[in-house]
Amino acid sequence: MDSQLLRDLKSLLGSEAVLHRPEELMLYEYDGSVEVARPNCVVFPRTTADVLAIVKLANQYQTPLVGRGAGTGLSGGALARKGGILAVFSRMNRILEIDIENQRATVQPGVVNADLSAAVANAGLHFAPDPSSQKACTIGGNVSENSGGPHTLAYGVTTNHVLSLEAVLPTGELIRIGSSALDSPGYDLLGLFVGSEGTLALITEITVKLTRLPEAVKTLLAIFDTLDDTTETVVDITARGITPAACEMLDGWTLRAVEAYVHAGFPLDCAAVLLLEVDGVAEAVQQHAEEVADICRAHHAREVRVARDARERDLLWKGRKNAFGAVGRLSPTYYVQDGVIPRTKLPATLRRINEIGVKYGFQIGNIFHAGDGNLHPLILFDARDEAQFRGVVAAADEIIQFCIEMGGSITGEHGVGMEKDRLMPLLFSEADLDVMRNVRAAFNPQGLLNPDKIFPSKKGCGEIHVRPLPLAGAPSA
Amino acid sequence: MTSSAISPNVTSRLSEIVGAANVASDFAQLATYEIDRKLPAAAVRPGSGEEVAEIVEFAASEKLALVPTGARTKLGIGYAPSRYDLALDTTRLNKVIAYDPGDLTLSVEAGVPLAKLAQVLAEHRQFLPLPVPFVNRTTVGGLIAAGVDSPLRQFYGTARDFLLGMEYVTGEGVAAKSGGRVVKNVTGYDIHKLMIGALGTLGVITRVNFKTFPMPLATRGCIARFATAENALDMRHRIAQSALTPLTMEIVSPGVAELFGSDAATRYERAPMPANVISNNEWALTTGYAGNEQVLDRYAKDLQSMAKESGTTGVTILAEKLPPAWARKREFIPIALASSPATTIVKMSVLPMRMKEALAAAQRAAESNNLRWAAMARGLGIIYFAILPSDHTEEYRQQVANATSEMQQGCAKLAGHATIPWAPAQWKNTLQIWGPARPDAAQMQKIKSVFDPQNILSPDRFASPL
Ligand SMILES: Cc1cc2nc3c(=O)[nH]c(=O)nc-3n(C[C@H](O)[C@H](O)[C@H](O)COP(=O)(O)OP(=O)(O)OC[C@H]3O[C@@H](n4cnc5c(N)ncnc54)[C@H](O)[C@@H]3O)c2cc1C
């Protein structure tokens, strides 16, 4: 890295806000995915003015620049694929304004998702998008990935809750899009920027909607002896027009891993469970819970447990939200896929995933947002073994291929990043991708910001990069 | 009327693409494609997305300006196109491509009438929560491009919240798509969101994918009447802070009862308006809600007591199905348009707690300019303020220009914004249809240049500064 650039960054931000020694950079080679890429330096802006100045320097030195929140992303979005400056937003973590009456909050991008909900809980409100990583991930990361969570099924994903952004374009322009009042006139730039995976701008401020907490909640655990019964139950719940607040599935193998870690009282000998939640006004919740339980029983649920109190409810959710961590204890590395399928195709798809696991000789765990058809097969493998890594990629590709054949998609919430860019042509034509590339070029003309993400490079696509991989470790939360 | 002229070669080339029967160039037919007194030189009705792409590619090569049209109920929104050579009529794109009731997803061509779709979905007790203005005529593509909202946004959001993907043709004639057909998806940029409300200035929408919704169980409504807007808004705030999540919530001003009871109103909803539910000299807060019997009882009870706490002068609970009052809320804009020869509709957006000041400012602006008015406000902070002059005179024009400008300044002071989606054609150039210049105008221009570098798609409907 240009030592003059380092000096400029240090004089701008102070030397404690600039990392560049190899041992300091190691932590930032990784995110939650299996990808690796090392930045040349890491900087910690504190203000929008810092961000503007960093962008100007990146331009001056023609150095790639990548934004990063908590680094929990699962598609390599926050990795400096081409090196350069990694701007970490963890010190821009102030909640700037909470407006209880209008149900709005304005935050800096580094605010941790769960911290915002905690800050407004007393007023009976919360920030509805609730990724399982919510105790670690940042709202800036959520906005960039358009993240979902277990309660997305009823409450919508991040894009449904963001009203306005302040951002710095890679050209150095400071922009503000959207507005805290609804229906900002003109083109829906906000809809474009949310979910653009850090490829259009660095986000410096976010205004979101706050949602009222429901008056009543019931959490159910339905236990099944076959996978087919479990998936058929999801199909039936959907077809009958019942929208639970959450409908998560954990298969038996994952459940056993989770139980050993969390001790939530999950049954150890079943094929799968559904973790279901219904919420709303008390009079509706009782009835919906009964309807959901009846459907589970009609599909041979062995048992339907209803959480008796907040403690039991929290324990069930703890099991769900810590599942990746639990699996991380069992295998040196796991690879999480994020395919989506139409919900009627769940039974066929889970059968197929099992077959693929057997074919390639991998243990695949399934823990996912069943209610919206968003799969998360976790493929366990040892990254130190290159042959295994190739096998995992092949198995994962086969799963994705099947999702696409079912009319689905390659990512429901984790993003394309540097992991699935080469799969984009499976869904999109060159014309589709060119329009998107042109949109990127309109805001990020030199491609300095987060280069080589989302879009496959035009030449030599299809090639798979194999590198030594990190041990999985259990990501926090 | 002005109309553009094109060479006979153009019509013959268009005929090659879509067949002569689907190209119109005689005056009588073209008159039906009028936008603010401008007529196109030809209207062309493609039968497929491929034909749309061919037409746009041809138009781009000839630099012909083109306006995509659906049922032509919302072409009055915004400025008139500065050039208008071709109307690209999408109504032959009227196929339901796929409907999977079990997955609650739907894929349709852009020209499908919403009413036809409603029938298909109703067979499976599903629906699209889009009761937008002119609901019985509007096409899916048209309502998306127009970016209109509906009373049901209170609960379901706007089309943006349940649009899953789209196929479109850019101003260079490139057919492309974004999104997909599953209910959760983050693959690639959400280009389809840009097309919502873009008034056909970025692309021709050819196909849209939606999430569908189960039809709610029994629905009922509650109408509470109040002496002042302040009282009605007080009830709005109580509901917002309660556990209730009504499907619709609108506040209507004095004068709306007369509009809703008019002959014009029965054109949009035949069933007569029930007597005495809203009164012509009072404000009213109307909500619709759904659920099982116990839920309905709970809502009725809670809403009645909230109404009392807010000082109601009377509450009516409307039992059974969606009552006519609802249809009229949906059609507030068409009814207002039909109620005066020069109706001007200001759409004001402010934070919910600022609605009181916004309404008061608007009322002052109208009354100090001697203008008749009526308003409907959505609980989420959107106010449709209809100004109802009795003529097109220069005097009225001046008064309307003054009043709307005062409203726009008033909203800006409240950190909100106001646009004028509907106004008489001959007045538009003297009004700030889209409000004062916006700070993100330069970013919008970047988008426009990507999709339509030659500015042939609905040029300048989005107006200054675009
Ligand atoms: C255990 C675990 C569970 C998870 N569960 C879920 C889940 O349920 N649902 C879900 O959707 N995801 C889930 N994820 C994925 C991940 O947590 C989300 O994508 C999250 O939103 C990422 O936030 P982050 O702060 O870690 O962002 P990072 O990983 O740091 O960054 C993600 C992307 O955002 C960009 N970015 C970050 N901040 C900015 C900024 N200020 N300006 C511009 N770009 C920026 C980065 O460049 C990158 O492209 C999970 C991950 C883990 C490890």
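Note that the structure is a prediction, hence the values are computed from the model and not measured. (Residues numbered from 1 in each chain as written. Chains lettered and ligands numbered in written order. Predicted model: local features only at pLDDT ≥ 70, side-chain atom pairs only at ≥ 80, totals over all residues. Heavy atoms only, no water.)

What to know about the overall build of chain B
Okay, so step 1: For chain B, the helix and strand inventory stands at 16 helices and 21 strands.
Okay, so step 2: Computed over the C-alpha atoms, the radius of gyration of chain B is 22 Å, within 12% of the 23 Å expected from 2.2 N^0.38 for a compact globule of 466 residues.
Okay, so step 3: Along the three orthogonal principal directions, the C-alpha set of chain B runs to about 70 × 60 × 40 Å.
Okay, so step 4: Relative to its full complement of 466 residues, chain B shows a buried share of 64%.
Okay, so step 5: Here the analysis covers contacts within chain B between residues at least 6 apart in sequence; of these, 75% occur between residues at least 24 apart.
Okay, so step 6: Surface summary for chain B: the accessible area is close to 16400 Å², and the carbon and sulfur share equals 50%. (Helix = DSSP H or I, 4+ residues; strand = E, 2+ residues; numbered from the N terminus. Rg over C-alpha atoms; globule rule 2.2 N^0.38 Å. Buried < 20%, exposed > 50% of the residue type's maximum accessible area, 1.4 Å probe, protein only. Contact = heavy atoms within 4.5 Å. Areas by Shrake-Rupley, 256 points an atom, 1.4 Å probe, with all protein chains shown as cover.)

So, the interface of chain B and chain A
Okay, so step 1: Counting from both sides, the interface comprises 63 residues of chain B and, opposite them, 80 residues of chain A.
Okay, so step 2: Roughly 5900 Å² of surface becomes buried between chain B and chain A when both sides are summed, with 59% attributable to carbon and sulfur atoms.
Okay, so step 3: Contact with chain A buries surface across chain B, with K184(B), V186(B) and Y189(B) losing the most and accounting together for 16% of the total.
Okay, so step 4: Here chain B is connected to chain A by nine salt bridges.
Okay, so step 5: One salt bridge connects R160(B) with D188(A), and the closest N-O pair in it is separated by 2.7 Å.
Okay, so step 6: Per element, the largest residue contribution to the side of chain B that touches chain A is seven residues, and it comes from helix α16 (residues 441-451) of chain B.
Okay, so step 7: Looking at the side of chain B that touches chain A, its residues break down into 31 nonpolar, 17 polar and 15 charged. (Buried area = accessible area lost by both parts, 1.4 Å probe. Salt bridge = Lys/Arg side-chain N within 4 Å of Asp/Glu carboxyl O. Nonpolar A, V, L, I, M, F, W, Y, C, P; charged D, E, K, R; others polar.)

Focus on the nonpolar core
Here is a general trend for soluble globular proteins: nonpolar side chains tend to be buried in one another's company.
Okay, so step 1: Membership of the largest hydrophobic core comes to 172 residues, with the highest contact counts inside it found for F193(A), I144(B), F210(B), I278(B), F385(B), M407(B) and F451(B).
Okay, so step 2: Considering each element in turn, this core owes the most residues, seven residues, to helix α11 (residues 293-309) of chain B.
Okay, so step 3: V234(A), V278(A), I356(A) and A370(A) belong to the second largest nonpolar core, which has 47 residues in total. (Core = buried A, V, L, I, M, F, W, Y, C linked by side-chain atoms within 4.5 Å.)

A closer look at helix α14 (residues 355-368) of chain B
All names here are of chain B.
Okay, so step 1: A rise of 1.5 Å per residue sets the reference length of α14, with its 14 residues, at 20 Å; its end C-alpha atoms lie 20 Å apart and thus fit the reference within 8%.
Okay, so step 2: Where α14 is concerned, the buried positions are M355, A358, L359, A361, A362, A365 and A366. Buried residues of α14, viewed axially, fall in a sector of 160 degrees; they line one side. Across from the buried face of α14, at angles greater than 90 degrees, the exposed residues are R364 and S368. (Expected span 1.5 Å × (residues − 1). Arc of directions from axis to C-beta.)

Let's talk about the side chain of T238(A)
Okay, so step 1: Counting through the fold element by element, T238(A) comes out in helix α8 (residues 227-239).
Okay, so step 2: Here T238(A) is in contact with R343(A), G102(B) and L104(B), once residues within four sequence places are set aside.

With respect to the domain arrangement of chain B
Residues and elements named next belong to chain B.
Okay, so step 1: The domains assigned to chain B are domain 1 (2-89), domain 2 (96-214), domain 3 (219-332) and domain 4 (340-430).
Okay, so step 2: Each of domain 2 and domain 4 has a C-alpha centre, and these two points are 29 Å apart.
Okay, so step 3: The interface of domain 2 with domain 4 comprises six residues on the first partner and six residues on the second.
Okay, so step 4: Summing both partners gives a buried area of about 540 Å² for domain 2 against domain 4, and 53% of it is carried by carbon and sulfur.
Okay, so step 5: On inspection of domain 2 and its partner domain 4, the count reaches one salt bridge.
Okay, so step 6: Across the salt bridge formed by R378 and D149, the nearest N and O atoms sit 2.9 Å from each other.
Okay, so step 7: Here domain 2 is connected to domain 4 by two residue pairs in polar contact (both at pLDDT 80 or more). (Domains from an automatic or database assignment. Polar contact = N/O pair within 3.5 Å; in protein donor to acceptor, adjacent residues only side chain to side chain.)

A closer look at the confidence of the model for chain A
Okay, so step 1: Across chain A, the average pLDDT comes to 93, with 96% of residues at 70 or higher.
Okay, so step 2: Across residues 460-477 of chain A, confidence stays below pLDDT 50; counting only partners more than four residues off in sequence or on other chains, it has 39 contacts. (pLDDT = per-residue confidence, 0-100.)

Description of the pattern of salt bridges
Where side chains of opposite charge bring their charged atoms close, a pairing between them can arise.
Okay, so step 1: As enumerated under the stated definition, the model contains 57 salt bridges over all chains in all.
Okay, so step 2: Notably, a salt bridge pairs E419(A) with K420(A), separated by 2.9 Å at the nearest N-O pair. Assigned by exposure class, E419(A) and K420(A) land together as buried.
Okay, so step 3: Several salt bridges converge on common partners, so that one network encompasses D183(A), D149(B), R153(B), E250(B), K329(B), K347(B) and R378(B).

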